[in-house]
Amino acid sequence: MTARGTNPNFLNGVPELLILCLLADETMYGYEIVQAIRARTGSVVAVGEGVVYPVLHALEADGALRTKRKSVDGRSRIYYSLTAAGKRRLARLTNDWTSLAAAIRGVLKGGKDAQSFS
Amino acid sequence: MHSLFPELRERLLSGGVAPRHVRRYRTELAEHLADLTAEEIRAGLNQKDAEAAALARLGTVDELAQAMLSQPKLRAWSVRAPWAVCALAPLAILAIARGLALLVLWTGWQIFLPGANTPFGAQHVSWIGNAWFQFGRLIYFGTPFALGWALCVLAARQRLRAGWPVAGMFLVAFLATVQSVDANRAAISGAGHIHIGFVFGPSPQAFAGNLAYAAILFASALLPYLVWRWREGRAAAA
């Protein structure tokens, strides 16, 4: 059994950004999304894997994602893809997170490079 | 399906999550669990250990339930606005159905009984005319029962508290009972008119009849609901 810790802060807006970012490239189902998050973040961002689905459902309820059910090898898969509203949301979140990361980086460096963040 | 799913389902429904989201969540989790188990087997674990590892990765019932319950957008409308779902919507449907029934009565009167002073009472009418009038009666008298049962099913399916569904059942039974239809050909114009009024028992006999009808309507929806709650209570206690 592989030891995998979870990050309790994962749910503070990060999954939404990561999910939208991943789905901007291709359609995926839940298991693929979780594996992709793990792979692309080098397991730095880890989560109890089942909790990704409520975020997906909520994004779909907001109109940011659309779903399509497919049968693959006898298994029922629900594939998620980005809508136009989802692309706009991704752009906004990316901008927010980039600004936030820059601000935090500035603080960590001693405030010299700090930028205003709104 | 794993034993965690029935518990998770009850937690989510009791917490007000819409049944369609609960259903899909369960399906997706079951598929995810199967994928994780297969992955752990590929990594060298035996079936039993792989299942245990997969479950640990999926999350506990508490984590899975909390993640869903923390999304207010996934709540059922019957939880977000119970007054609208349990009271307003049934009354609106009742009003539409009664209007439709009156339309059926009016058209039947004009087409199949053009010379009659009223469409009510024993009159000779063709089989198709009879079928048409019975269709109208079915809508008029069947809708309140259907609405009561729908509220009963909704309350049971979404684990609603008793207050609003029972209030909705009572309102439907009351308003369905106090409506009365009168249809007469006007003496002057001859065109005829249909009138729907709200009256509860204009005479002692009618009052008793109305009360009995309201009681039957209310009980037909309430009794199955009470039986369901009793069974649920017993199952929870066991």
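Residues numbered from 1 in each chain as written. Chains lettered and ligands numbered in written order. Predicted model: local features only at pLDDT ≥ 70, side-chain atom pairs only at ≥ 80, totals over all residues.

Asker: In this structure, what is going on with the overall build of chain B? I would like to understand it.
Answerer: Counting its secondary structure elements, chain B contains nine helices and two strands. Going from N to C terminus, chain B has its helices and strands arranged as α-α-α-α-α-α-α-α-β-β-α. Over its C-alpha atoms chain B spans a radius of gyration of 26 Å, topping by over 25% the 18 Å that the globule rule assigns to 238 residues. Across its three principal axes, chain B shows a C-alpha extent of roughly 90 × 35 × 30 Å. Burial statistics for chain B: of 238 residues in total, 28% are counted as buried. For chain B, contacts bridging at least 24 residues in sequence account for 66% of all contacts bridging at least 6. (Helix = DSSP H or I, 4+ residues; strand = E, 2+ residues; numbered from the N terminus. Rg over C-alpha atoms; globule rule 2.2 N^0.38 Å. Buried ≥ 20, exposed ≤ 12 C-beta atoms within 10 Å, placed from the backbone. Contact = placed C-beta atoms within 7 Å.)

Asker: Sorry if this is basic, but what is going on with the pairing of strand S1 (residues 65-72) of chain A here?
Answerer: Taken residue by residue, a regular strand's side chains alternate between the two faces of the sheet. All names here are of chain A. In this structure, S1 lies alongside strand S2 (residues 75-82), joined through eight bridges in antiparallel fashion. Counterpart to Lys70 in the pairing with S2 is Arg77. In sequence, S1 turns back onto S2 through a hairpin of two residues, with Asp73 there showing a positive phi of about 50 degrees. (Pairing = 2+ DSSP bridges.)

Asker: In this structure, what is going on with the interface of chain B and chain A? I would like to understand it.
Answerer: Each partner contributes residues to the interface: chain B has 24 residues there, and chain A has 19 residues. When contributions to the side of chain B that touches chain A are tallied by element, the ones reaching two or more residues are helix H2 (19-42), helix H3 (47-58) and helix H4 (61-69) of chain B. Among the elements that take part in the side of chain B that touches chain A, H2 of chain B stands out by supplying ten residues, more than any other. Residue classes in the side of chain B that touches chain A are distributed as eleven nonpolar, five polar and eight charged. (Nonpolar A, V, L, I, M, F, W, Y, C, P; charged D, E, K, R; others polar.)

Asker: Please explain the nonpolar core as it appears in this structure.
Answerer: Soluble globular proteins tend to bury their nonpolar side chains together. The biggest cluster of nonpolar side chains holds 39 residues, and the ones touching the most others in it are Ile19, Val52, Leu56, Leu59 and Leu65 of chain A together with Val17 and Met68 of chain B. At the level of secondary structure, the elements contributing two or more residues to this core comprise helix H1 (14-25), helix H2 (30-40), helix H3 (52-61) and S2 of chain A together with helix H1 (4-14), H2, H3 and H4 of chain B. Considering each element in turn, this core owes the most residues, six residues, to H3 of chain A. If near-sequence neighbours (up to four positions away) are discounted, Leu59 of chain A is found in contact with Glu16, Ile19, Ala64 and Leu65 of chain A. Among the nonpolar cores identified, the runner-up in size contains 21 residues, and Leu154, Trp164, Met169 and Tyr225 of chain B belong to it. (Core = buried A, V, L, I, M, F, W, Y, C linked by C-beta atoms within 7 Å.)

Asker: I would appreciate a short explanation of the packing of H1 of chain A against H2 of chain A in the present structure.
Answerer: Packed helices, taken two at a time, are described by the angle their axes make and the gap between the axes. Residues and elements named next belong to chain A. Where H1 contacts H2, the axes come no closer than 10 Å and their chain directions differ by 105 degrees. For the element pair H1 / H2, the angle class is roughly perpendicular. Residues Leu18, Ile19 and Leu22 of H1 lie in contact with H2, whose contacting residues are Ile33, Ala36 and Ile37. Looking at side-chain class alone, the contact of H1 with H2 contains six nonpolar, no polar and no charged residues. (Axes fitted to C-alpha atoms, helices over the stretch in contact; angles between N-to-C directions. Parallel < 35°, antiparallel > 145°, perpendicular 65-115°, else oblique.)

Asker: Explanation requested: the environment of Ala30 of chain B in the structure shown.
Answerer: Looking at the secondary structure, you find Ala30 of chain B in helix H2. Distance in space between the C-alpha atoms of Ala30 of chain B and Phe5 of chain B is 8.4 Å, their sequence separation being 25 residues.

Everything listed here is a matter of geometry and, on its own, says nothing about what the molecule does.
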